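# Coordinate analysis (summary)
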Amino acid sequence: MFFKGRATVSKALFYLLILVFARCSTPSIVATKSIQLGDFHNNQRNHVKAIEHYEEYLQASENLGMYRNTETEADVHRKLAHSRSALGEYTVAEKHVQQAKELDSLINKNELTLLEDMRLLGMLKAYQGNYGEAISILTDVLNRSSNFISSSKSVNKQSVVAAYLSLARLKMVLGDFSEAFSLLKEAESMGSGLTNYEEYADEITLVQGIINREQGNLEKAEAFIKQSIRWAKESGRLPARQFEANAQIELLKGNYEEALRHQLDAYKFSQQIGISAQIVNSLLRLGDIYKAIGDDRAAEESYLKALRLRPDVTSERISNSTSYEARLQSNLDMYEFQGAKTGAGLAAVKLLEYKLDGQDWNDLDSLISAAERNFSSVGSEEGLSRTLLGKARFLCKKQKYAEALDALDSAGRLSKQPDLQWKVFYRKGLIYVRLNDYNNAKTNYENSISVVESIRDNLNLDELKSAFFSNKVEVYEAYIDLLLKQYRVEAKDQLLLKAFALNERSRARSFLDMLGNRKVGSSAKNETVVKSEQQLRVKIQQLVQQISEADQNSSRRALTTELEWAQSEYQQVLLDIKLNHPGFDNLISVEPPDLSRIQNNLNDSTIMVEYWLGKDEITIWLIEKDEVGAVQVKIAESEIRREMAAFRNAVSLQMSEFMDRSLEKLYGYLIEPIAEKISAYQSLIIIPNGVVHFLPFQALKNQAGHYLIENFLVSTAPSASVWFHCQQLSASEFESKFLGMALGNSTLGQFPALPGTLLEVDKLATLYQNSDIRNGNNFSEGFFKTEAPGYDYLHVATHGVLNTRQPGYSYLLMHPSEHEDGRLTVNEIFNIRLKARLVTLSACETGLGELSKGDDLIGLSRAFIYSGSPAVIVSLWKVDDATTSLLMTRFHEYLESGNSVAESLTLAQRSMIKNGEFTDDNPENMKGKNRSNDLKIDENDKLQNPYFWAPFILIGH
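Remember, predicted model here, so these are calculated numbers, not experimental data.

## Brief notes about the overall build of the protein chain
Secondary structure assignment for the protein chain yields 42 helices and 16 strands. The buried share of the protein chain, taken over its 957 residues, is 57%. In the form shown here, the protein chain has an accessible surface area of approximately 40400 Å², with 47% of it arising from carbon and sulfur atoms.

Right, dumping it as structure tokens:
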């Protein structure tokens, strides 16, 4: 209490002095006040304000005449140099140092102050990449400091220690680790007797840790960095760079979550410190970690944040930048000229990888040579391993397979980093396939998959699991292609079954993990994190409201950009909570069920059809209750993609003729080869792959002009394993408690009313004895979150909005409520626990989502399945209000009559094909029911058009 009181009194006196000064504005008082305010803001790390007041002092100082204090003026120039440097304005900072130096020389300031000016000038040169000048200046500082080495004065020794440390840091950047170590030893020896040694010790041990990390001595590096953190805390400094160094170590060890946790901490500390270059570097490192995990979207967001702060630094990180290659080449030339070996090696290997990915084979020999030379000189085994991996890819292009294998063997020996190891095994597998050595290829593919899955098993957070797997699926694809290639020749069932098992392991794996686990709330959140989360949530809600009220497109665009930024920051806060508070989101890996268990859950009238789109061939697995088979079709994946694009384009333009043509072509590719086999069954469970996730299989049309749904009950699932999970859920006991929610006549922002939805939910409610309807202001996000878990059938008729950039923010539009913005997002649905037998999303594009290479759909359907519903009906494109109302009414009439979800949707869609008439498939099921012929549409002919009935698909069971 005593210290708290003193701090309060001190602050009061400070402001009282300012008040007094404000009333007496002579040049002298203005000058004094300006320095005090500048120092105050500088201590608060508000460098912009500090600069404003320091500049104010310099202006006032000119009017002081004979009372002008040149020594104070020089000191203010140094303060301005530090503040400008903190904002990344190195050129301006350099001018201030030069002015301080000139003033110090003018007044015959002691040699120590002049040397401090020179040291600061040397560091500014280094920050700008002028390493040669920086070394020359800092070396001169050390030579001239020899007079102070034997001095007993503490202030003199501090200056020399700082000079040694500055030069050591520069030598480290240049890759001259031996010289850097020697300089650090000198600094340590001289500084160890100082009473404030901890102020230097944290930096000395940090640099020692970073050098050991670069040389592959990770245990030593960790020990040094831990000591550095202790020193930093003792001296009252925020350990931003220490946590960043720890993140890099964890990344090398393959501990991605730990790496991300440390880097998020480093970013937070950097923001508090307020040094621009440090914040930018933290963001770049954060982006690199996201990139390594496989989350390219989060990586790009981090890079773009850095780009806003320092455009000149970050363009090389953004691979879609037109200047990416030129920037890398420029960096390579600069680092080579400056003698920065580590930087030159990294620039060379990045450029090598970029060219390899783009199949640009020019100048690769020189890049490989530059990378090997620079990494060898600094002893970077990780850098050499990465270079050898690229070299092997180039040698394969030249068909020098033996040399490529040697390079990969060397890369594997040099680096034990898991992220490099799986790539080494994968590349070796590809080479052995080309050599027709299938046994060695299998061994290496299996080794690669083993490394991938061991890393993945160490990840607990579902979003990291999903992201990590997205860029590793190529290994599974290569192995599956090899097994299917062998199957075509040898026709051995075990090859087919193994390929199927790998296919299941490769697709929607993280989704399966999520389904097998449940998030648990953490009570361990600290107040700071909670406050940050709440502030961002409120800001997002405010921005959403402002966007809906904005009149001009320009204002709306600016607000939308700000909203995306806030949403990105919010996701990072949530991730930080999860990473730093065990138990908040702790998942364990779930193995896909055995094929036999899936088969046991199929009935005699159902066949599962699972697709695999290879580069040049489609494989279609046919899973029956007692048998497994496969059909292989010679058709390129690129052709499927082209036809899917044509189909989607025809849908968007509502061009029936072109839509029918695409549906017929796709039927020929995907159904015709298996038509005879599936003809014996009534129900099809479709497991799509890749782009055909967005295809309404029920609308595929044969040459006789019949849609697939006219002959089969059709449902889909992300994978056989997910279908199995949904099948287990659907076996639970359900009642018939119905909740219908409709936008109705409400106009929300830019979104028009949907009057047909009122009639839709009113009609549906009459079919259930226990029902509830919400529309208008009653149709709120707050109501849904609190009340929806109590219902068995959820029907939501509103606008659905797909966010392709941030899929977690795709949403269903509802009325805002207290603390809710009216946008029920994918992220929010994940945190709701439902008991619903069925969720029907009678909305636009609710079935779309972001598709990763592992078939891991991020969308509303996935979110509702995760929340507990075994079946979700969604739409694949923007739907017609009136015809949707008719379709949904028919669907629920069939459902309430005792049909299954799949049967009900099929019968409803068949009735649309028959111009709105009820089908005769199950006439007994409709006895005594009120038929909805009053909902018929005048233009009945359009009901037959797939545009109106086909967008709705059933996902689950």
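## Overview of the nonpolar core
With 104 residues, the main nonpolar core has Tyr611, Ile640, Leu670, Phe697 and Phe784 as its most contacted residues. A per-element tally of this core places helix H41 (residues 901-913) first, with 7 residues. Setting aside residues no more than four positions away along its own chain, phenylalanine 784 makes contact with Met741, Pro789, Leu794, Val796, Met814, Leu824, Ile832 and Phe864. Among the nonpolar cores identified, the runner-up in size contains 79 residues, and Ala292, Leu395, Leu408 and Tyr426 belong to it.

## Describing a negative patch on the surface
Taken together, the side chains of Asp493, Asp604, Asp626 and Glu627 present a region of like negative charge at the surface. You can see aspartate 493 is positioned in helix H27 (residues 493-506).

## Here's the deal with a nonpolar patch on the surface
Together, Leu653, Met655 and Phe658 make up a nonpolar patch on the protein surface, roughly 260 Å² of accessible area in all. Structurally, methionine 655 can be placed in the loop between helix H32 (637-653) and helix H33 (656-670).

## Focus: the confidence of the model for the protein chain
Should the pLDDT be low somewhere, the predicted coordinates at that spot are not to be read in detail. For the protein chain, per-residue confidence averages 81 on the pLDDT scale, and residues scoring 70 or more make up 81% of the total. Across residues 517-525 the pLDDT falls below 50, and counting only partners more than four positions away or on other chains, this stretch makes 26 contacts in the model. Scored below 50 in pLDDT, residues 920-939 shows 38 contacts in the model against residues more than four places distant or in partner chains.

## Re the environment of isoleucine 225
Relative to the elements of secondary structure, isoleucine 225 occurs in helix H12 (residues 218-234). On the accessibility criterion, isoleucine 225 (0% relative accessible area) is buried. Along the chain, isoleucine 225 and threonine 205 lie 20 residues apart, while their C-alpha atoms are 6.5 Å from each other.

## Some thoughts on the packing of aromatic side chains
A complete count under the given rule lists 14 aromatic pairs for this structure. When the ring of phenylalanine 784 is compared with that of phenylalanine 864, the centres are 6.4 Å apart and the planes differ by 80°; the resulting orientation is edge-to-face. Of the two residues, phenylalanine 784 is situated in helix H37 (residues 781-787) and phenylalanine 864 in helix H39 (residues 860-867); the sequence distance between them amounts to 80 residues. Accessibility classification places phenylalanine 784 together with phenylalanine 864 in one group, the buried group. Members of the aromatic cluster, connected to one another through ring pairs, are Trp422, Tyr426, Tyr445 and Tyr479. The ring of tyrosine 791 has lysine 737 lying over it, and the distance from NZ or CZ to the ring centre is 4.9 Å. In this arrangement the basic side chain of arginine 833 is found over the ring face of tyrosine 866, its NZ or CZ atom lying 5.1 Å from the centre.

## Some points on the sheet that holds strand E11 (residues 823-825)
Read across the open sheet, the 3 strands follow the order E9-E10-E11; overall the sheet is antiparallel. Edge positions in the sheet fall to strand E9 (800-801) and E11, since each of these pairs with one other strand and no more. The sheet contact formed by strand E10 (residues 811-813) and E11 spans 3 bridges and is antiparallel. Within the sheet, the bridge partner assigned to leucine 812 lies in E11 and is leucine 824.

## Things to note about the pattern of salt bridges
Here the idea is simple: oppositely charged side chains can pair when their charged atoms come close. Following the criterion strictly, the structure yields 45 salt bridges and no others. The partner of lysine 125 in a salt bridge is glutamate 133, and the shortest N-O contact between them spans 3.3 Å. According to the relative accessible area criterion, lysine 125 is buried, its value standing at 10%. Its salt-bridge partner being lysine 785, residue glutamate 828 comes within 2.9 Å of it at the nearest N-O pair. Taken together, the residues glutamate 828 in helix H38 (residues 826-829) and lysine 785 in helix H37 connect sequence positions 43 residues apart. Where salt bridges share partners, they join Asp39, Asp75, Arg78, Lys79, Asp104 and Asp117 into one cluster.

## Considering H39
Among the 8 residues in H39, 8 count as buried, and that is most of the element. Where H39 is concerned, the buried positions are Leu860, Ser861, Arg862, Ala863, Phe864, Ile865, Tyr866 and Ser867.

## Looking at unusual backbone geometry
Although it is not a glycine, glutamine 359 adopts a positive phi angle of roughly 55°. Tracing the chain through its elements places glutamine 359 in the loop between helix H19 (341-357) and helix H20 (364-378).

## Description of the pairing of strand E4 (residues 683-687)
Most of E4 sits inside the fold, with 5 of its 5 residues counted as buried. Here E4 shows two buried faces, one formed by Ser683, Ile685 and Ile687 and the other by Leu684 and Ile686. Of the pairings in the sheet, the one linking strand E1 (residues 606-613) to E4 comprises 5 bridges and is parallel in character. Across the sheet, methionine 608 pairs through a bridge with isoleucine 685, a residue of E4. In this sheet, strand E5 (residues 713-716) lies alongside E4 in parallel orientation, the contact comprising 4 bridges. Across the sheet, isoleucine 685 pairs through a bridge with serine 715, a residue of E5.

## Things to note about the packing of helix H23 (residues 418-434) against helix H26 (residues 473-490)
Viewed as axis vectors pointing N to C, H23 and H26 meet at an angle of 25°, and their least axial separation amounts to 11 Å. With respect to H26, the element H23 is oriented roughly parallel. In this structure, the crossing between H23 and H26 has a hand that is left-handed. From H23, Trp422, Tyr426, Leu430 and Val433 reach across to H26, where they touch Glu474, Val475, Ala478 and Leu482.

## Things to note about the packing of H32 against H33
Relative to each other, H32 and H33 sit at 150°, their axes nearing to 8 Å. Here H32 is positioned roughly antiparallel relative to H33, judged by the angle of their axes. In terms of crossing hand, the pair formed by H32 and H33 is left-handed. Within the contact between the two elements, H32 uses Glu639, Ile640, Glu643, Met644, Ala646, Phe647, Ala650 and Val651 and H33 uses Phe658, Met659, Ser662, Leu663, Lys665, Leu666, Tyr669 and Leu670. For the contact of H32 with H33, the class distribution of residues is 12 nonpolar, 1 polar and 3 charged.

What counts as what
- Residues numbered from 1 in each chain as written.
- Predicted model: local features only at pLDDT ≥ 70, side-chain atom pairs only at ≥ 80, totals over all residues.
- Heavy atoms only, no water.
- Helix = DSSP H or I, 4+ residues; strand = E, 2+ residues; numbered from the N terminus.
- Buried < 20%, exposed > 50% of the residue type's maximum accessible area, 1.4 Å probe, protein only.
- Areas by Shrake-Rupley, 256 points an atom, 1.4 Å probe, with all protein chains shown as cover.
- Core = buried A, V, L, I, M, F, W, Y, C linked by side-chain atoms within 4.5 Å.
- Contact = heavy atoms within 4.5 Å.
- Patch = residues over 30% accessible without salt bridge, like charges linked within 9 Å, V, L, I, M, F, W, Y side chains within 5 Å.
- Salt bridge = Lys/Arg side-chain N within 4 Å of Asp/Glu carboxyl O.
- Lys, Arg positive; Asp, Glu negative; His and termini not counted.
- Charge placed at Lys NZ, Arg CZ, Asp CG, Glu CD.
- pLDDT = per-residue confidence, 0-100.
- Phe/Tyr/Trp six-rings, centres within 6.5 Å; stacked < 30°, edge-to-face > 60°.
- Lys NZ or Arg CZ within 6 Å of the ring centre and 35° of its normal.
- Pairing = 2+ DSSP bridges.
- Axes fitted to C-alpha atoms, helices over the stretch in contact; angles between N-to-C directions.
- Parallel < 35°, antiparallel > 145°, perpendicular 65-115°, else oblique.
- Left-handed = near helix turned anticlockwise from the far one by under 90°.
- Nonpolar A, V, L, I, M, F, W, Y, C, P; charged D, E, K, R; others polar.

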